[in-house]
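Working through the structure, step by step
In case you want the letters, here they are:
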Amino acid sequence: MAKYSKKASEKVEEAMHEMKKGELRTGSGKKVTSKKQAVAIGLSEAREEGAKVPKKKKKN
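So, here is what we can say about the structure in this document.

Here we look at the overall build of the protein
- A tally of helices and strands in the protein yields two helices and zero strands.
- Principal-axis analysis of the C-alpha atoms gives the protein an extent of 30 × 30 × 20 Å.
- Long-range contacts, defined as pairs at least 24 residues apart, comprise 43% of the intrachain contacts of the protein with a sequence gap of at least 6.
- For the protein, the computed accessible surface area is about 5100 Å², with 51% contributed by carbon and sulfur atoms.
- The positive charge centre, built from 18 side chains, and the negative charge centre, built from 8, are 10 Å apart in the protein.

Encoded structure:
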């Protein structure tokens, strides 16, 4: 299992709180309702800030 930094887990937690409040939006402006999507957004934000996050999985 991959190890995530503390910063990454904080960003995911923040994204989940925003989703539960109804404030988290996608890039196109739609409201996020999926937990998986909220986690992906949190990890993406952490990755942009330079946190230790494993690379994205590639689709075949």
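A short note on the nonpolar core
- By size, the foremost hydrophobic cluster in this structure holds 13 residues, and its most contacted members are Met19, Leu24, Val32, Ala38 and Val53.
- Where this core is concerned, the elements lending two or more residues are helix H1 (6-21) and helix H2 (35-48).
- Per-element tally for this core: the top contributor is H1, with five residues.
- When residues no more than four places from it in sequence are discounted, the contact partners of Met19 are Leu24, Val32, Thr33, Ser34, Lys35 and Ala38.

Points about the packing of H1 against H2
- Viewed as axis vectors pointing N to C, H1 and H2 meet at an angle of 140°, and their least axial separation amounts to 8 Å. In terms of axis orientation, H1 runs oblique to H2. Viewed along their axes, H1 and H2 form a crossing whose handedness is right-handed. Residue-level contacts link Ala8, Lys11, Val12, Ala15, Met16 and Met19 of H1 to Lys35, Ala38, Val39, Gly42, Leu43, Glu45 and Ala46 of H2.
- Of the residues that constitute the contact of H1 with H2, the class distribution is nine nonpolar, one polar and three charged.

Conventions we followed
Residues numbered from 1 in each chain as written. Predicted model: local features only at pLDDT ≥ 70, side-chain atom pairs only at ≥ 80, totals over all residues. Heavy atoms only, no water. Helix = DSSP H or I, 4+ residues; strand = E, 2+ residues; numbered from the N terminus. Contact = heavy atoms within 4.5 Å. Areas by Shrake-Rupley, 256 points an atom, 1.4 Å probe, with all protein chains shown as cover. Lys, Arg positive; Asp, Glu negative; His and termini not counted. Charge placed at Lys NZ, Arg CZ, Asp CG, Glu CD. Core = buried A, V, L, I, M, F, W, Y, C linked by side-chain atoms within 4.5 Å. Buried < 20%, exposed > 50% of the residue type's maximum accessible area, 1.4 Å probe, protein only. Axes fitted to C-alpha atoms, helices over the stretch in contact; angles between N-to-C directions. Parallel < 35°, antiparallel > 145°, perpendicular 65-115°, else oblique. Left-handed = near helix turned anticlockwise from the far one by under 90°. Nonpolar A, V, L, I, M, F, W, Y, C, P; charged D, E, K, R; others polar.

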